[in-house]
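Structural overview
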Amino acid sequence: MAQNSQDSTVPYPEGDFYGFETLLSEAEQAVLRRVRNWLAESVRPIAVDYWNHAQFPMHLIPEIAELGIVSPVRHRGFSPLLAGLITAEVHRNDASVGTFLSGHDGLFTGSIELLGSEEQKATWLPQFYSLEKNGVFAITEPTAGSDVARAMSTTAKRVGDHWILNGVKRWIGNSTFSDYAVVYARDLDDDNVKGFLVDTTWEGYRAELMHNRIALRSVQNAEIYLNNVRVPNDYKLAYANSFRDTNKVLKSARSVVGWQSVGLQMATFDIARNYSVSREQFGRPIASFQLVQEKISRILGNLTSSTAMMLQLANLQSADAEKNEHSALAKAHVTRMMRESVALGRELLGGNGLVTDYEMAKVFSDAEALYSYEGTYEVNSLVAARSVTGVSAFV
């Protein structure tokens, strides 16, 4: 007889097949358990409903603040491995809440941490670490995605003690309610990309919600319109003076997406395993059929190998040895594994995998966003291949 999904005699019900969590210290394991318990109680039970209605659960923001997990490595002193496993755990329960957290933390606060002056960091970061104020990262444009380094059309012009920003940004998550945005724009004087902290209440700033999205529906993606927005010079990020500087933030973001993709594979494993032992066909649980077991094994294998790759990337980060090509390969490979895993999970649920009632349809759809953002699979593959061939395939 197949084991019940809650049966304690099943040795690997959570999918941590190689015991990666045991590599954390006891104190860090306690932090992960606290985050996991909060997610189980407060996030997963409401995630599908908010996703269906394309609404963001705003009431969770103060609860996230209480967890104390914003900027886990630079501010909290957590290990990169714990930071990654927290990211995975949040996305395991809801990729939309996870994207809010990763966008505010890894991209927005990361821009200030990596590219702000000491004075700017001291002035701005406390309110962002506490989530008293929240922010977004604005770089993608309607006509510039993978080629945004060269094709960025949003402009910045220095006029006295201010900068004047003009342009449009697209796919900026949760920018309909953010307090601030880090906006990247091309300086008309030297043609270099520079970064600016923009208060969303300033005149000329407008965010318009994007509709009809099939992934991360709770995330309030918007187009940002900048019409002669006046930015004081001390709101220009001191060390954001070229796209090479911006790449420091993007490198960090790519590794975060790898962990996000681990999280969606964890969710896929949870859903597929539990469904297979409870769903009966032909008078017995479908987990008893060989083809179903092969799918579960492949999902588990993809999840395990993806986690192992991200573990080594975390080790490189701990040793300050991570390079652009390391995070690029991780983002490309782990999202590809994720895409296969969620397809297998949706297939395993049959028709029930097409409705969000069983969660799998939501996870399946959300995976497409992760596969596409922070550099497509193709672009990140070219970055990795360039590093081992010495030949660039970019035009």
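The rules behind these values
- Residues numbered from 1 in each chain as written.
- Predicted model: local features only at pLDDT ≥ 70, side-chain atom pairs only at ≥ 80, totals over all residues.
- Heavy atoms only, no water.
- Helix = DSSP H or I, 4+ residues; strand = E, 2+ residues; numbered from the N terminus.
- Rg over C-alpha atoms; globule rule 2.2 N^0.38 Å.
- Buried < 20%, exposed > 50% of the residue type's maximum accessible area, 1.4 Å probe, protein only.
- Contact = heavy atoms within 4.5 Å.
- Lys, Arg positive; Asp, Glu negative; His and termini not counted.
- Charge placed at Lys NZ, Arg CZ, Asp CG, Glu CD.
- Expected span 1.5 Å × (residues − 1).
- Phe/Tyr/Trp six-rings, centres within 6.5 Å; stacked < 30°, edge-to-face > 60°.
- Lys NZ or Arg CZ within 6 Å of the ring centre and 35° of its normal.
- Core = buried A, V, L, I, M, F, W, Y, C linked by side-chain atoms within 4.5 Å.

1. Regarding the overall build of the protein
The helix and strand tally for the protein stands at eleven helices and nine strands. Here the C-alpha atoms of the protein give a radius of gyration of 21 Å, agreeing with the 21 Å that 2.2 N^0.38 yields for 395 residues. Along the longest, intermediate and shortest principal axes, the C-alpha atoms of the protein span 75 × 45 × 40 Å. For the protein, buried positions account for 53% of its 395 residues. A fraction of 75% describes how many contacts in the protein between residues 6 or more apart in sequence connect residues 24 or more apart. Averaging the positions of the 37 positive and the 45 negative side-chain charges in the protein gives two centres separated by 5 Å.

2. As for helix H5 (residues 118-129)
Compared with an ideal rise of 1.5 Å per residue, which puts twelve residues at 16 Å, H5 spans 16 Å between its outermost C-alpha atoms and is within 8% of the ideal. Within the span of H5, buried status applies to Gln 120, Trp 124, Leu 125, Gln 127, Phe 128 and Tyr 129. Contacts from the buried residues of H5 go to helix H4 (95-115), strand E4 (180-187) and strand E5 (193-199). Following H5 by one or two positions, Leu 131 has its phi on the positive side, about 60°.

3. With respect to the packing of aromatic side chains
Under the counting rule described, the total for this entry stands at 14 aromatic pairs. Feature note: the residues Phe 17, Tyr 18 and Phe 20 constitute an aromatic cluster, connected by ring pairs. Stacked on the ring of Trp 51, the Lys or Arg Arg 217 has its end atom at 5.5 Å from the ring centre. Directly above the ring of Tyr 371 sits Arg 339, whose terminal nitrogen or CZ lies 4.0 Å from the centroid.

4. A closer look at the nonpolar core
Buried together is how nonpolar side chains tend to be arranged in soluble globular proteins. Among the nonpolar cores identified, the biggest contains 88 residues, and Ile 86, Ile 112, Tyr 184, Leu 237, Val 262 and Leu 348 are the most heavily contacted of them. The element contributing the most residues to this core is helix H7 (residues 243-278), with 14 residues. If sequence neighbours within four positions are ignored, Val 262 has contacts with Ala 88, Leu 303, Ser 306, Thr 307, Met 310 and Val 334. Counting 16 residues, the second largest nonpolar core, distinct from the first, contains Val 136, Ala 181, Phe 196 and Val 229.

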